[in-house]
Amino acid sequence: MDINHFLEGVGLYDCKRVEVKTETYGRDLRSLSLPEINLYCDSKKCNGKRIFEYTGSHFGKIEISNGGKFNISYRCKNCREFFKIYSIIYKVVDNKILDVEKFGEYPSFGTRVPDSVLDLFGEGSDKKNFIKGRKSEDQGFGIGAFTYYRRVVENQKNRLIDKIIKVCRNKGMDEEDIKTFEDAKSEHSFKKSHDRIKDLIPESLFIKTHNPLTLLHNLLSIALHDKDDDYCLEQAKHIRGILTALVERIETLLKEDKSLNESLTALLKSKKEAKN
C-alpha cells in the first residue's frame, strides 16, 4: 500500500509493506518523501475531514537508514492548530519498499465517534466504556470491544428510547403508542424493551429497510462463550455502526423538524402581519 494509506488507515502494531518515494544519497542513507494525508480534524474551526501536511521540513522529506524508528508530526493545513503524531518502526526491503509498523499514535487511531453518539451516554462511566470499546476495536480485541459495546447499549437503552420518542411525537404518533414507548423503559433488559416497541419504530429511522432496534437486539443476543476474537470483532463493528447510524438519523430528523417548524412559524407570522 501507499504510505499515506498506511498512516490514515492502519492501527498500532500491524506491520505493513508499503511503497514509498525515496532518494538514496549515501551507502545507508535515504530521503523519504512524506505525502499529505486526509484525516479528521477535531479543532472547532474544522470539525471534519481535512488535508494534513508533514511539519518536519519545507520539502516534506525525512532522513532514514536501512532500518530503525522515527517520529513524524502532521498539521492540519486548514486551521493550522490540530496535530497528528506518529511513532514508526521500519525496515528497508529495497529502494522503494519498506516494512513499517506504528508503535505510537496521538490522537489515537480509529474512526472518530460522532459527538451525537457520545452525547447519548452523558458524562458517566458508559461514555468511558464506549471509548474503551472503540480502542479495543482499533487494537483488534474483539471480545473486549463487543462486551463494552453491549454493556453500554444495555445501560443506555432508556436514553435511546427517549430520543426515538421525540421523533415519534414530531411525526404525530398516537399518545397510546407513545405510552408503549414510555412503558418499555421500565423493562430491565434491552430485549424486553425491544419486544414491546419493535413494531412501532418509524420507518424514517430504518436503515436500508431494516428496523435498527431489531438489528441491535439480534447483535446483542449473540452468546460469546463459543465465539473467537475475530468473529466478535466483526460483530462489535456492526454494533457501533448501527448505533451510530441510528443516533445520527435521529439527530438529522429532529433538526429537520425543528427547521421546518421555525419556517412554518415565520410564515404564519408574516401572513398575520400582512393581514393587519
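Helix and strand content of the chain: nine helices and nine strands. In summary, the chain has a C-alpha radius of gyration of 24 Å against a globular reference of 19 Å for 276 residues, an excess of more than 25%. Expressed as lengths along the three principal axes of its C-alpha atoms, the size of the chain is roughly 80 × 65 × 35 Å. In the chain, buried positions account for 41% of the 276 residues. Carbon and sulfur atoms make up 49% of the accessible area of the chain, which totals about 15,800 Å². Here the chain contributes 49 positive and 44 negative side-chain charges, whose respective centroids are spaced 4 Å apart.

An α-helical turn contains 3.6 residues, so any two residues separated by three or four positions project in the same direction. In this model, helix α4 (residues 142-155) (14 residues) spans 20 Å end to end at C-alpha, consistent with the 20 Å of a helix rising 1.5 Å per residue. Within α4, burial applies to Gly142, Ala145, Phe146, Tyr149, Val152 and Val153. Down the axis of α4, the buried set is contained in an arc of 140°. They therefore lie on one face.

This brings us to the packing of helix α6 (residues 175-184) against helix α7 (residues 190-197). Two elements in contact, α6 and α7, have axes whose closest approach is 9 Å; the angle formed by their N-to-C orientations is 175°. Taken together, the axes of α6 and α7 are roughly antiparallel relative to one another. Along the contact surface, α6 presents Thr180, Phe181, Asp183 and Ala184, while α7 presents Ser193, Arg196 and Ile197. Across the contact of α6 with α7, the residue classes break down as three nonpolar, two polar and two charged.

The final tally for this structure, using the stated rule, is 18 salt bridges. Across the pair glutamate 251 and lysine 163 runs a salt bridge whose closest N-O atoms are separated by 2.8 Å. Remark: lysine 163 occurs in helix α5 (residues 157-170) and glutamate 251 occurs in helix α9 (residues 229-275); sequence separation between them is 88 residues. Like lysine 163, glutamate 251 is buried. Residue glutamate 187 is joined to arginine 196 by a salt bridge in which the shortest nitrogen-to-oxygen separation is 3.0 Å. We classify arginine 196 as partly exposed; its relative accessible area is 38%. Connected through shared salt-bridge partners, Arg134, Glu137, Asp138 and Arg240 make up one network.

Right, let's talk about the side chain of glutamate 137 for a bit. Counting through the fold element by element, glutamate 137 comes out in helix α3 (residues 125-138). Assessed through its relative accessible area of 6%, glutamate 137 is described here as buried. Contacts of glutamate 137, omitting those with residues within four sequence positions, involve Ala145, Tyr149, Leu233, Lys237 and Arg240.

Mean pLDDT over the chain stands at 89; residues scoring 70 or higher make up 92%. Between the elements of the chain, mean pLDDT differs from a low of 79, seen in strand β2 (residues 22-24), to a high of 96, seen in α6.

Turning to the environment of glutamate 175, a few remarks are in order. One can find glutamate 175 in helix α6. Residue classification places glutamate 175 among the partly exposed positions, given a relative accessible area of 49%. In this structure the side chain of glutamate 175 is engaged in a polar contact, spanning 2.8 Å, whose partner is the side chain of arginine 169.

About the cut-offs
Residues numbered from 1 in each chain as written. Predicted model: local features only at pLDDT ≥ 70, side-chain atom pairs only at ≥ 80, totals over all residues. Heavy atoms only, no water. Helix = DSSP H or I, 4+ residues; strand = E, 2+ residues; numbered from the N terminus. Rg over C-alpha atoms; globule rule 2.2 N^0.38 Å. Buried < 20%, exposed > 50% of the residue type's maximum accessible area, 1.4 Å probe, protein only. Areas by Shrake-Rupley, 256 points an atom, 1.4 Å probe, with all protein chains shown as cover. Lys, Arg positive; Asp, Glu negative; His and termini not counted. Charge placed at Lys NZ, Arg CZ, Asp CG, Glu CD. Expected span 1.5 Å × (residues − 1). Arc of directions from axis to C-beta. Axes fitted to C-alpha atoms, helices over the stretch in contact; angles between N-to-C directions. Parallel < 35°, antiparallel > 145°, perpendicular 65-115°, else oblique. Contact = heavy atoms within 4.5 Å. Nonpolar A, V, L, I, M, F, W, Y, C, P; charged D, E, K, R; others polar. Salt bridge = Lys/Arg side-chain N within 4 Å of Asp/Glu carboxyl O. pLDDT = per-residue confidence, 0-100. Polar contact = N/O pair within 3.5 Å; in protein donor to acceptor, adjacent residues only side chain to side chain.

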